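So the chains spell out like this:
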Amino acid sequence: MSIIIGAGLAIAAILVGWISYRSETGRKLLSSLAAIAIFLASTVIATAATRTIMDNTVYMTEIHSVLESPTFIISTGYLMIYGLARIVVGVGRSAART
């Protein structure tokens, strides 16, 4: 199953790269979709993590101890904001050039 998922991800990445390379409109569209996806995923993850911590309903396993770590929460929060900002800036720059 891991091989199938890995192959699917590789094929999808190649397809996205090819579309981005061949079409300015396609690149803008894919970048916009990526920004929306990061925003939605960040919202769902942050809401679930906050609710779990506030309700004190963490069932402590090794993975949960990582997910509850302040270092993990702060760093992933920053990466989501940074990634979203970089995508938005990239779309804005390409729009300004045309």
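Residues numbered from 1 in each chain as written. Predicted model: local features only at pLDDT ≥ 70, side-chain atom pairs only at ≥ 80, totals over all residues. Heavy atoms only, no water.

## Some details on helix α2 (residues 24-55)
Right, on to step 1. With 32 residues, α2 extends 46 Å between its outermost C-alpha atoms, agreeing within 8% with the 46 Å of an ideal straight helix rising 1.5 Å per residue.
Right, on to step 2. Of all the positions in α2, only Gly 26, Ser 31, Ala 35 and Ser 42 are classed as buried.
Right, on to step 3. Backbone geometry just downstream of α2 places Asn 56 in the positive-phi region, at approximately 55°. (Helix = DSSP H or I, 4+ residues; strand = E, 2+ residues; numbered from the N terminus. Expected span 1.5 Å × (residues − 1). Buried < 20%, exposed > 50% of the residue type's maximum accessible area, 1.4 Å probe, protein only.)

## Side note on the layout of surface pockets
Right, on to step 1. Approximately 460 Å³ is the volume found for the largest pocket.
Right, on to step 2. For the lining of the largest pocket, the elements supplying multiple residues, two or more each, are α2, α3 (62-67) and α4 (70-97).
Right, on to step 3. If one sorts the elements of the lining of the largest pocket by residue count, α2 sits on top with ten residues.
Right, on to step 4. A class-by-class count of the residues in the lining of the largest pocket yields 14 nonpolar, six polar and one charged. (1 Å grid on protein atoms, 1.4 Å probe; cavity = no way out; pocket = protein on both sides within 12 Å on 5 of 7 lines; lining within 4 Å. Points joined across faces, edges and corners; volume = space filled by probe spheres on them. Nonpolar A, V, L, I, M, F, W, Y, C, P; charged D, E, K, R; others polar.)

Any functional reading would require information that these geometric values do not contain.
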